[in-house]
Amino acid sequence: MAFLIPPLPSPTSLKPQVSSHPSFSPSYTSQKILALDSISCSLSSSPFTEKHSIERYQRDSWLYQQTPQASCSIPADSNSIKQNDIGLQLPELKKLLQVLREKRGGEASGGPKRGPGNVFLVGTGPGDPDLLTVKALRVIQTADLLLYDRLVSNDVLNLVGPNARLLYVGKTAGYHSRTQEEIHELLLSFAEAGANVVRLKGGDPLVFGRGGEEMDFLQQQGIQVKVIPGITAASGIAAELGIPLTHRGVANSVRFLTGHSQKGGTDPLFVAEHAADPDSTLVVYMGLSTLPSLSLKLMHHGLPRETPSVAVERGTTPQQRIVFAELKDIVAEVKEADLVSPTLIIIGKVVALSPFWPLSSREATLAAQTK
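What you see is a predicted model, and the numbers here were worked out from it, not measured in a lab. (Residues numbered from 1 in each chain as written. Predicted model: local features only at pLDDT ≥ 70, side-chain atom pairs only at ≥ 80, totals over all residues. Heavy atoms only, no water.)

**Digging into the overall build of the chain**
Helix and strand counts for the chain come out as 12 helices and 12 strands. Looking at the chain residue by residue over its 371 residues, the buried ones come to 50%. Considering only contacts within the chain whose residues lie at least 6 apart along the sequence, 72% involve residues at least 24 apart. Counting only carbon and sulfur atoms, one obtains 54% of the accessible surface of the chain, whose full area is about 17,000 Å². (Helix = DSSP H or I, 4+ residues; strand = E, 2+ residues; numbered from the N terminus. Buried < 20%, exposed > 50% of the residue type's maximum accessible area, 1.4 Å probe, protein only. Contact = heavy atoms within 4.5 Å. Areas by Shrake-Rupley, 256 points an atom, 1.4 Å probe, with all protein chains shown as cover.)

Structural data, given as structure tokens:
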């Protein structure tokens with residue numbers, strides 16, 4: 001099946017957005033890029049924050065203001081990179097904490113004791129900044145500190161207020177910039193210092209986003225947590241393609257599944273026999289690596305081989321790519337197209353209701369881009 005890979009801009013044409021924060025002067029940014037070159041910093045064509053992209057270090061440059069050029073010469077293994085990165089960030093993190101604590105103490109002198117700051121768990125949707133809620137936009141523009149994940153799009157991050165500090169805490173296969181426990185402690189430390197902290201997550205924070213774990217931890221420590229929902233990838237991408245997740249007479253339910261095993265591996269966590277319902281729609285998050293196993297199990301447990309399916313890479317962004325296929329062919333088509341994470345998979349009869357379904361994947365991608 002023919003498949004379109006949209007042309008990517010050449011490295012020389014890429015012009016990353018630079019925040020208006022005072023520390024982002026052009027000369028400083030150039031020096032910092034050179035200093036970080038030894039850990040293979042590179043311009044990225046991704047709409048999201050990749051682990052060692054120049055865009056990430058530009059955005060978080062306040063954390064590296066005391067970094068001499070030689071200090072980025074570190075071993076290539078991911079654990080050493082992570083530990084070195086955290087070590088470089090610690091002085092500025094401690095300095096910011098101290099400033100916040102002093103500010104809180106000064107405001108409290110002569111008056112009632114000021115309580116801790118708030119933490120907002122904010123969903124940013126699947127990538128298109130136009131899908132951000134008004135409430136989410138208001139919060140990210142007034143935050144003191146924002147901890148953001150990999151799947152918060154660059155276009156959304158460009159909307160952050162000029163005085164906010166950004167800290168990347170994203171995870172990708174083989175590289176976790178912070179453990180979940182470290183993220184918990186960062187949120188707690190800055191909230192206790194009186195900061196308004198925003199935890200930015202792609203999609204919705206309470207749908208496969210571990211937002212529930214962060215909320216539970218902070219509430220146990222006496223920190224107020226406010227959740228601002230986002231459009232989860234299933235809803236945003238299905239709408240982009242004109243796929244109704246439920247439809248009278250076609251699908252009477254929808255089921256969100258995770259393709260990730262908690263301990264890794266290629267076997268999905270869920271039991272496929274309970275998901276092989278021809279009258280339901282299946283939406284699989286983070287399912288690229290487990291798709292071969294899942295599709296075989298679904299067919300083994302009775303889901304028709306001809307069930308319409310679609311895999312969507314980087315949905316709702318300009319880099320979106322789409323593969324339509326019947327269930328029996330979806331693995332081969334995804335492999336041929338060489339889709340990468342994040343890719344959402346939708347399986348069910350409702351997929352055939354998309355106006356793009358009769359088209360080839362090449363035509364569908366072109367049509368979706370001009371919609």
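**Quick notes on the packing of aromatic side chains**
A complete count under the given rule lists four aromatic pairs for this structure. When the ring of Phe-324 is compared with that of Trp-357, the centres are 5.7 Å apart and the planes differ by 80°; the resulting orientation is edge-to-face. Note that Phe-324 is positioned in strand 11 (residues 321-326) and Trp-357 in the loop between strand 12 (343-347) and helix 12 (361-369), a separation of 33 residues in sequence. Look at Phe-324 and you get buried, because its relative accessible area is 2%. Judged by relative accessible area, Trp-357 falls into the partly exposed class, the value being 22%. Aromatic ring contacts, followed pair by pair, group Phe-208, Phe-256 and Tyr-285 into a single cluster. (Phe/Tyr/Trp six-rings, centres within 6.5 Å; stacked < 30°, edge-to-face > 60°.)

**Notes on the nonpolar core**
Within the largest apolar cluster, 26 residues are counted, with the highest numbers of intra-cluster contacts made by Val-119, Leu-147, Phe-190 and Leu-218. Sorting elements by how many residues they give to this core places helix 6 (residues 180-192) first, with six residues. When near neighbours in sequence (up to four residues on either side) are disregarded, Leu-218 contacts Val-119, His-184, Leu-187, Leu-188, Ile-223 and Val-225. (Core = buried A, V, L, I, M, F, W, Y, C linked by side-chain atoms within 4.5 Å.)

**What about the environment of Arg-305?**
If you trace the backbone, Arg-305 turns up in the loop between helix 10 (291-300) and strand 10 (308-313). If we ignore the near neighbours within four places in the chain, the residues touching Arg-305 are Met-299, Glu-326, Leu-327 and Lys-328.

**As for the packing of helix 10 against helix 11 (residues 327-337)**
Interaxial distance between helix 10 and helix 11 falls to 9 Å at its minimum, and their mutual angle equals 170°. Taken together, the axes of helix 10 and helix 11 are roughly antiparallel relative to one another. Residue-level inspection shows Leu-291, Pro-292, Ser-295, Leu-298 and Met-299 of helix 10 in contact with helix 11, the latter providing Leu-327, Lys-328, Ile-330, Val-331 and Val-334. Per-class residue counts for the contact of helix 10 with helix 11 are eight nonpolar, one polar and one charged. (Axes fitted to C-alpha atoms, helices over the stretch in contact; angles between N-to-C directions. Parallel < 35°, antiparallel > 145°, perpendicular 65-115°, else oblique. Nonpolar A, V, L, I, M, F, W, Y, C, P; charged D, E, K, R; others polar.)

**Brief notes about helix 6**
With 13 residues, helix 6 extends 18 Å between its outermost C-alpha atoms, agreeing within 8% with the 18 Å of an ideal straight helix rising 1.5 Å per residue. Among all positions of helix 6, only Gln-180, Ile-183, His-184, Leu-186, Leu-187, Leu-188, Phe-190 and Ala-191 are buried. Phi turns positive one or two residues past the end of helix 6, at Gly-194, with a value near 100°. (Expected span 1.5 Å × (residues − 1).)

**What about the pattern of salt bridges?**
Per the stated rule, a full pass over the model turns up nine salt bridges. Arg-199 is paired through a salt bridge with Asp-149; the nearest N and O atoms lie 2.8 Å apart. Of the two residues, Arg-199 sits in strand 6 (residues 197-201) while Asp-149 sits in the loop between strand 2 (145-148) and helix 5 (154-157), which places them 50 residues apart along the sequence. Residues Arg-199 and Asp-149 agree in their burial class; the two are buried. Two residues, Asp-279 and Lys-349, come together in a salt bridge whose shortest N-O distance is 3.3 Å. In this pair, Asp-279 is assigned in the loop between helix 9 (272-275) and strand 9 (280-285) and Lys-349 in the loop between strand 12 and helix 12, connecting sequence segments 70 residues apart. On the basis of relative accessibility, which here comes to 35%, the residue Lys-349 falls in the partly exposed class. (Salt bridge = Lys/Arg side-chain N within 4 Å of Asp/Glu carboxyl O.)

**Some words on the sheet that holds strand 8 (residues 253-258)**
Strand order in the open sheet formed by five strands is 8-9-12-10-11, and the pairing between neighbours is mixed. The sheet is open, and its two edges are formed by strand 8 and strand 11, each paired on a single side. Shown here is a sheet whose adjacent strand axes are inclined to one another by a mean of 15°, direction ignored. With three bridges connecting them, strand 9 and strand 12 associate as antiparallel partners. Across the sheet, the residue bridging to Val-284 is Ile-345, located in strand 12. On the sheet, helix 11 packs against strand 10, strand 11 and strand 12 and is oriented at approximately 150° with respect to strand 11. (Pairing = 2+ DSSP bridges.)

**Things to note about the sheet that holds strand 2**
Strand order in this open sheet of five strands is 3-2-6-1-7, and the pairing throughout is parallel. Strands at the two margins of the open sheet, each flanked by one partner only, are strand 3 (165-168) and strand 7 (225-228). Each strand axis lies, on average, 20° off the axis of its neighbour in the sheet, ignoring direction. Sitting on the sheet, helix 6 is in contact with strand 1 (119-123), strand 2, strand 3 and strand 6, with an inclination near 150° to strand 6.

**Digging into the side chain of Arg-199**
For Arg-199, a relative accessible area of 1% translates into the label buried. A polar contact of 2.8 Å, which involves the side chain of Arg-199, links it to the side chain of Asp-149. A distance of 3.2 Å separates the side chain of Arg-199 from the side chain of Glu-214, its partner in a polar contact. Once residues lying within four places of it in the same chain are set aside, the contact partners of Arg-199 are Phe-120, Leu-121, Val-122, Leu-147, Tyr-148, Asp-149, Val-169, Ile-183, Leu-187 and Glu-214. (Polar contact = N/O pair within 3.5 Å; in protein donor to acceptor, adjacent residues only side chain to side chain.)

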